[in-house]
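Architecture at a glance
Listed below, chain by chain, are the residues.
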Amino acid sequence: MTDAIAFTHLLPMLPLHAQSFAPYGTVLGAPPAGPLVPAFHSVGTDFWQTHVFNTGVGGEPEFLWVRYRDHSVAIGVLEVHHLTEQAIVPLTGEIIQIVATGDTPDPASFRAFRVPVGLGICMRPGCWHTTRVTGGEVTCLMATRRSTTTDLIGHFSHALPAAESALASVRTRITCA
Ligand SMILES: NC(=O)N[C@@H](O)C(=O)O
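For the structure given in this document, a descriptive report is provided here. (Residues numbered from 1 in each chain as written. Predicted model: local features only at pLDDT ≥ 70, side-chain atom pairs only at ≥ 80, totals over all residues. Heavy atoms only, no water.)

Description of the site of the ligand
Near the ligand you find Leu-64, Tyr-68, Glu-79, His-81, Gln-86, His-129, Met-142 and Leu-152, and these make up its full shell. Within the side chain of Glu-79, an N or O atom sits 2.5 Å from an oxygen atom of the ligand. Across the complex, the protein chains shield 84% of the 270 Å² of accessible surface that the ligand would expose by itself. Here the shell around the ligand is composed, by residue class, of 4 nonpolar, 3 polar and 1 charged. (Near = heavy atom within 4 Å. Polar contact = N/O pair within 3.5 Å; in protein donor to acceptor, adjacent residues only side chain to side chain. Areas by Shrake-Rupley, 256 points an atom, 1.4 Å probe, with all protein chains shown as cover. Nonpolar A, V, L, I, M, F, W, Y, C, P; charged D, E, K, R; others polar.)

In structure tokens:
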């Protein structure tokens, strides 16, 4: 399940922008480059489409209520989901999302993005990731695929082989610079 990779690299915590996040997924809530469609605006409310969520073929979309509380700067393991997108919307505070691309995490693709309350991210299938917080515990809304969650719990809680996800060992750390 875990493929070792030796790598040390300092990752600055970057501001979240649609263009810089594009290799890893979509920024939810970012102002679109073009017109807001489909969208609605009235005196009392605005709404617009920010993303069409894709769980992969045969997937059942699922919301999770997730709490993150790891504030360590060392990054030793990244996780990837093979079939589904995965969206994270921080509700109670900023999160730091560490991401990478590649069949195994490509060191050149390692990034750390600040995701503030008011924005969210939707990671592509195959986006390696882990999450940190800079203060106390942060509660997030997550959209994922029901079978991926079941598969992941089976692996983490019962040491069953994971089919829809994988882990990779990495050696990197985030910096405030
Ligand atoms: N539930 C779940 O899939 N969690 C992980 O992917 C994670 O990044 O938190």
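A word on the nonpolar core
Ranked by size, the top nonpolar core spans 20 residues in total, and within it Leu-16, Phe-21, Tyr-68, Ile-88 and Ile-95 carry the most contacts. Elements with a minimum of two residues in this core: β6 (61-68), β9 (95-100), β10 (111-115), β11 (120-123) and β13 (138-145). No other element matches the 3 residues that β13 contributes to this core. Ignoring sequence-local partners within four residues, the contact set of Ile-88 consists of Tyr-68, Ile-95, Gln-97, Gly-120, Ile-121, Met-123, Thr-131, Cys-140, Leu-141 and Met-142. With 15 residues, the next largest nonpolar core counts Met-13, Val-80, Ala-100 and Trp-128 among its residues. (Core = buried A, V, L, I, M, F, W, Y, C linked by side-chain atoms within 4.5 Å. Buried < 20%, exposed > 50% of the residue type's maximum accessible area, 1.4 Å probe, protein only. Helix = DSSP H or I, 4+ residues; strand = E, 2+ residues; numbered from the N terminus. Contact = heavy atoms within 4.5 Å.)

A word on the environment of Ala-100
For Ala-100, the location among the structural elements is in strand β9. For the pair Ala-100 and Val-37, spaced 63 residues apart in sequence, the C-alpha to C-alpha distance is 30 Å. Filtering out sequence-adjacent residues up to four positions away, Ala-100 remains in contact with Tyr-24, Leu-78, Pro-105, Ser-109, Phe-110, Gly-126, Cys-127 and Trp-128.

Let's talk about the sheet that holds β6
Strand order in the open sheet made by the 5 strands is β3-β11-β8-β13-β6, with antiparallel pairing throughout. Two strands bound the open sheet, and with one partner strand each, they are β3 (25-28) and β6. This sheet shows a mean twist of 20° between the axes of neighbouring strands, independent of strand direction. One ladder, built from 8 bridges, connects β6 with β13; its direction is antiparallel. From the neighbouring strand, Arg-67 faces β13, where its bridge partner is Thr-139. (Pairing = 2+ DSSP bridges. Axes fitted to C-alpha atoms, helices over the stretch in contact; angles between N-to-C directions.)

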